[in-house]
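Fold and contact review
Below are the chains, spelled out letter by letter.
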Amino acid sequence: MAFTTSRRSVLMLLMTPGFVFLDSGNARASAQRAMSATGGGDRAGRSVWAHPGRWDPVFELPNVAIHTHVLPNGKVLFWGRRDHAIGSMHAHECTPYIWDPGTGKLNPTPQPERANGTKVNLFCSGHAFLPDGRLLAVGGHIADGDGLDQACVYDYRTNTWTALPAMNERRWYPIATALPDGTVLVSSGSYKENGRVVINDVPQIWDGHQWFPAARFANLPLYPRIHIAPSGQMFASGSNAETSMVDSDGGGAWTVLPRGARQNGEPQYGPSVMYGPGKVIHIGGSNDGATDVPTAAAEVIDLCANPPAWRAVASMHFPRRQHNATLLADGSVLVTGGTSGPGFNDLTPGKPVRVAELWDPVTEKWTMLAAEDVDRCYHGTAVLLPDATVLSAGGGEFTVGGEPNDPLDSHRNAQIFHPPYLFHGPRPKIGSAPEEIAYGETFALEISGPDIGKVTWIRLPTVTHASDQSQHINFLKFRCDGGRVSVSAPERPQICLPGHYMLFVLSKAGVPSHARIMRIASRPGTDPFRRRR
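Residues numbered from 1 in each chain as written. Predicted model: local features only at pLDDT ≥ 70, side-chain atom pairs only at ≥ 80, totals over all residues. Heavy atoms only, no water.

**Section: the side chain of R262**
The topology assignment puts R262 in the loop between β20 (255-261) and β21 (272-276). Despite its burial, R262 pairs with no opposite charge; the closest candidate is E299, at 4.3 Å N-O. Polar side-chain contacts of R262 include one of 3.4 Å to the backbone oxygen of N240. If sequence neighbours within four positions are ignored, R262 has contacts with S237, G238, N240, A241, T243, P267, H282, E299 and W310. (Helix = DSSP H or I, 4+ residues; strand = E, 2+ residues; numbered from the N terminus. Buried < 20%, exposed > 50% of the residue type's maximum accessible area, 1.4 Å probe, protein only. Lys, Arg positive; Asp, Glu negative; His and termini not counted. Salt bridge = Lys/Arg side-chain N within 4 Å of Asp/Glu carboxyl O. Polar contact = N/O pair within 3.5 Å; in protein donor to acceptor, adjacent residues only side chain to side chain. Contact = heavy atoms within 4.5 Å.)

In structure tokens form, the structure reads like this:
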């Protein structure tokens, strides 16, 4: 007799903490089939998850996803610190993987190498998407505090890594910031010299062909948080207590904002998110010099104000450090993971925070959501997927007194979160959309389903160490005519960097469609880089 189950029993099964499907490659597909069988999209299912959202079961990965990226084809690229759970913590190679959210299948990429064939470990590198969709990865790992001078790009179309010319010096914990003209600024990162850790304070810009130096920044921290203001200037939001700006052409000097002193001091390992053009929120982090206890505080700044100044908004329900902040399809900000305990990465039972929180940019208030099943603290990552869910993965793979952490604290697994907006009614569907558009262009979408209330797009995420400086959202102007929607693209790259974005249409109830991934460029089909002289 065939096995059958009631809607209620499947519902309880899916909500059981720690539940894992044995076939990790098809875990997500199994969860989706179960939800389909139980009518997960019906009124009863929506009422259960409409407020807290829902976590799918945990599924296994071949490595700890410490660096995680959504590619222009909708698949996820990730890599960790070491290929083998009992291998050296200072391996000099790595094997990135591609995960397909639609099928759950996992496949390795080739191992990144220098031009001479020497393998490199991209752990603790910085990364940013280039305008053509390739991923630039800079720096990497020799030992803690000691980085690489390598640079390489991953091409999702050919599944290949290509070595680029070396940088001016080695970098561990650098940041790569995409710029409005299609170039990329690489800042910070450390190396060891005569046993001493030195921070590389000479940023460089990759113009698609070669490296050249940018304005020196002597006090920039490791993995700094840098955003692009609507003026085209670069804004360093943290973790320094004082925040600074500089022109994005690489000239001039970094200047501290007159009212740029942060009310919460220096909040280390707290994420910073640009939730609208010129609008930045910095969330949590550790800033207590006496106890090193994280804060729950959040601050916002409007770079279009005169003068820009930080102001406090409502605090989270939990203090956090090592957490992730993810822009959702509707423009709200999801916070996941982190620890509330003192010190760098307190994993004492009860200190890791599993309850997710959602920040509403309109009300500037926080809402507690459902709790995930795994501690996602140091080296955890979270990215928005094209179906408007969130992948939460990783955590662990650090040293304690020179020794590897407890293996139980390294998480070669992941979990999918369905935000509350997915349970507020039927989803719109995008029938057709262009693959590539130009700035200021009006383009057409074919839409079916409920009436449209909002159109957004979000730059493809590339996340590590509680940081995704590529996160950016635009709220696009649109006009509806039956099933056809005319949408206006952003006018200029200073408010919308060139490259690939996930385009969502949302119903008037706030329910997002599945995204269409589109590319915006100055002139579609042309060289995305402006060659600097």
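**A word on the packing of aromatic side chains**
For the structure shown, the criterion picks out 18 aromatic pairs. Between Y269 and Y378, the ring centres sit 6.0 Å apart and the planes meet at 85°, which makes this aromatic pair edge-to-face. Linking Y269 in the loop between β20 and β21 with Y378 in the loop between β28 (365-371) and β29 (380-384), this pair joins segments that are 109 residues apart in sequence. Classification of Y269 by relative accessible area gives buried; the value is 15%. Accessibility expressed as a relative area gives 8% for Y378, which makes it buried. For the pair Y275 and W359, a centre-to-centre distance of 5.0 Å together with 80° between the ring planes defines the contact as edge-to-face. Taken together, the positions of Y275 in strand β21 and W359 in strand β27 (residues 355-360) put the pair 84 residues apart, joining distant regions of the chain. (Phe/Tyr/Trp six-rings, centres within 6.5 Å; stacked < 30°, edge-to-face > 60°.)

**Concerning empty space enclosed by the protein**
Following the criterion strictly, the structure yields eight cavities of 30 Å³ or more and no others. Volume-wise, the largest cavity comes out at about 120 Å³. If you list the elements that add at least two residues to the lining of the largest cavity, you get β11 (174-178) and β17 (225-228). The leading source of residues in the lining of the largest cavity is β11, at three residues. Considering only residue class, the lining of the largest cavity consists of seven nonpolar, seven polar and one charged. By volume, the second largest cavity amounts to about 80 Å³. (1 Å grid on protein atoms, 1.4 Å probe; cavity = no way out; pocket = protein on both sides within 12 Å on 5 of 7 lines; lining within 4 Å. Points joined across faces, edges and corners; volume = space filled by probe spheres on them. Nonpolar A, V, L, I, M, F, W, Y, C, P; charged D, E, K, R; others polar.)

**Concerning the pairing of strand β30 (residues 390-394)**
Taking burial as the measure, the five residues of β30 include five buried ones, the bulk of the element. Across five bridges, the pairing between β29 and β30 is antiparallel. Bridge pairing in β30 places V383 opposite L391. Counted along the chain from β29 to the antiparallel partner β30, the turn is five residues long, and its residue A388 has a positive phi close to 75°. Pairing of β30 with strand β33 (residues 413-418) involves four bridges; the strand directions are antiparallel. Of the residues in β33, the one forming a bridge with V390 is F417. (Pairing = 2+ DSSP bridges.)

**A few points about the pairing of β11**
Burial analysis of β11 places five of its five residues in the buried class, the great majority of the element. Of the two faces of β11, the one carrying P174, A176 and A178 and the one carrying I175 and T177 are both buried. Bridge count for β11 against strand β12 (residues 184-188) is five bridges, and the pairing is antiparallel. Paired with T177 across the two strands is L185, which belongs to β12. As consecutive antiparallel partners, β11 and β12 are separated by five residues, and within that stretch G182 has a phi angle of approximately 95°, a positive value.

**Side note on unusual backbone geometry**
At the junction of G238 and S239, the peptide bond is cis and its omega measures out at 5° in the coordinates. Mapped onto the elements of the fold, S239 is located in the loop between β18 (233-238) and β19 (242-247). With an omega dihedral of 0°, the bond running from N306 to P307 counts as a cis peptide bond. Backbone geometry places N194, a non-glycine residue, at a positive phi of 55°. With respect to the element layout, N194 can be found in the loop between β13 (190-193) and β14 (196-199). Of note, the phi angle at E364 is positive, near 60°, even though the residue is not glycine. Relative to the helices and strands, E364 is located in the loop between β27 and β28.

**Quick notes on the sheet that holds strand β15 (residues 204-206)**
Spatial ordering of the open sheet is given by β11-β12-β15-β16, a layout of four strands whose pairing is antiparallel. Here the strands that pair on one side only, and so sit at the sheet edges, are β11 and β16 (211-213). Between one strand and the next, the sheet's axes are offset by a mean angle of 25°, whatever the strand orientation. Both β12 and β15 contribute to a ladder of three bridges, which runs antiparallel. (Axes fitted to C-alpha atoms, helices over the stretch in contact; angles between N-to-C directions.)

**A closer look at the layout of surface pockets**
Taken as a whole, the second largest pocket encloses approximately 530 Å³ of empty space. For the lining of the second largest pocket, the leading source of residues is β28, giving three residues.

**A short note on the sheet that holds strand β40 (residues 478-481)**
If you trace the four strands from one edge of the open sheet to the other, you get β34-β36-β41-β40, paired in antiparallel fashion. In this open sheet, the two edge strands, each paired with only one partner strand, are β34 (429-432) and β40. Across the sheet, the mean angle from the axis of one strand to that of its neighbour is 35°, orientation sign disregarded. In this structure, β40 lies alongside strand β41 (residues 484-488), joined through four bridges in antiparallel fashion. Bridge assignment links C480 to a residue of β41, and that residue is V485.

**Some details on the side chain of S410**
Tracing the backbone shows S410 in the loop between β32 (403-404) and β33. On the accessibility criterion, S410 (16% relative accessible area) is buried. Only 2.8 Å separates the side chain of S410 from the side chain of E397, close enough to count as a polar contact. Leaving out residues up to four positions away in the same chain, S410 has contacts with V64, G395, G396, E397 and N405.

**A closer look at the pattern of salt bridges**
Close approach of charged atoms allows side chains of opposite charge to pair. Here the structure, examined in full by the defined rule, presents 18 salt bridges. We note a salt bridge from E397 to R82, for which the minimum N-O separation is 2.7 Å. A residue pair is termed long-range when its members are at least 10 positions apart, and E397 in the loop between β30 and β31 (399-400) and R82 in the loop between β4 (76-79) and β5 (97-99) qualify at 315 residues. Here R82 falls in the buried class, since its relative accessible area comes to 6%. Linking R354 and D375 is a salt bridge whose minimum nitrogen-to-oxygen distance equals 2.8 Å. Highlighted residues: R354 in the loop between β26 (333-336) and β27 and D375 in the loop between β28 and β29, separated in sequence by 21 residues. On the basis of relative accessibility, which here comes to 19%, the residue D375 falls in the buried class. What emerges from the salt-bridge pattern is a single network uniting D146, E169 and R170.

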